Amino acid sequence: MKLMTLDTASVLYCNLNLKKWSHDVEVLYRARIRGISLAEVPVRWKDEEGSKLVTSAGGAVGASVSMLLEILRMRIEYAVGRWQV
């Protein structure tokens, strides 16, 4: 869960480049680039039957590999300046 002001959300979510599982990682990365402070709080997780992650192509492993590749691409695109906040 992410809680933020409307102004912060407008900056962080405007024109996201990643559309799949890793879009949350891009939001956090953009916050770091902009110097927006973050706080981590524990949440109680309950695994529910019918999870989208498990039913996605390749299951949890496939989704994890896809997410890793997306995050690597994200880091490169921001580093070379093709993507900007």
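Refer to the structure above for everything that follows.
Attention here is on the structure that accompanies the text. (Residues numbered from 1 in each chain as written. Predicted model: local features only at pLDDT ≥ 70, side-chain atom pairs only at ≥ 80, totals over all residues. Heavy atoms only, no water.)

Details of the packing of aromatic side chains
Under the definition given, this model contains two aromatic pairs. Relative to Y78, the ring of Y29 has its centre 5.4 Å away and its plane inclined at 55 degrees; by these criteria the two rings are tilted. A residue pair is termed long-range when its members are at least 10 positions apart, and Y29 in helix α2 (residues 23–34) and Y78 in helix α4 (residues 59–79) qualify at 49 residues. Like Y29, the residue Y78 is buried in the burial classification. With 5.8 Å between their ring centres and 90 degrees between their planes, Y78 and W83 make a pair best called edge-to-face. Among the residues examined, W83 registers a relative accessible area of 10% and is labelled buried. Through pairs of rings, three or more aromatic residues link up here, namely Y29, Y78 and W83. (Phe/Tyr/Trp six-rings, centres within 6.5 Å; stacked < 30°, edge-to-face > 60°. Helix = DSSP H or I, 4+ residues; strand = E, 2+ residues; numbered from the N terminus. Buried < 20%, exposed > 50% of the residue type's maximum accessible area, 1.4 Å probe, protein only.)

Some words on the nonpolar core
If you look at the biggest cluster of nonpolar residues, it comprises five residues: L18, Y29, M74, Y78 and W83. Apart from the residues within four sequence positions on either side, Y78 is in contact with N17, E26, Y29, R30, I33, W83, Q84 and V85. (Core = buried A, V, L, I, M, F, W, Y, C linked by side-chain atoms within 4.5 Å. Contact = heavy atoms within 4.5 Å.)

Some details on the packing of α2 against α4
Two elements in contact, α2 and α4, have axes whose closest approach is 11 Å; the angle formed by their N-to-C orientations is 30 degrees. The pairing of α2 with α4 is recorded here as roughly parallel in orientation. Helix-helix and strand crossings are classified by hand; for α2 and α4 the assignment is right-handed. Contacts from V25, E26, Y29, R30, R32 and I33 of α2 reach α4 at M67, I71, M74, R75 and Y78. Classifying every residue of the contact of α2 with α4 by side-chain character gives seven nonpolar, no polar and four charged. (Axes fitted to C-alpha atoms, helices over the stretch in contact; angles between N-to-C directions. Parallel < 35°, antiparallel > 145°, perpendicular 65-115°, else oblique. Left-handed = near helix turned anticlockwise from the far one by under 90°. Nonpolar A, V, L, I, M, F, W, Y, C, P; charged D, E, K, R; others polar.)

Focus on the side chain of E26
Assignment of secondary structure puts E26 in helix α2. Those residues within four positions of E26 in sequence are excluded, and the remaining contacts are L16, N17, L18, M74, Y78 and W83.

Some thoughts on the environment of S64
Along the chain, S64 falls in helix α4. The class for S64 is partly exposed, based on a relative accessible area of 47%.

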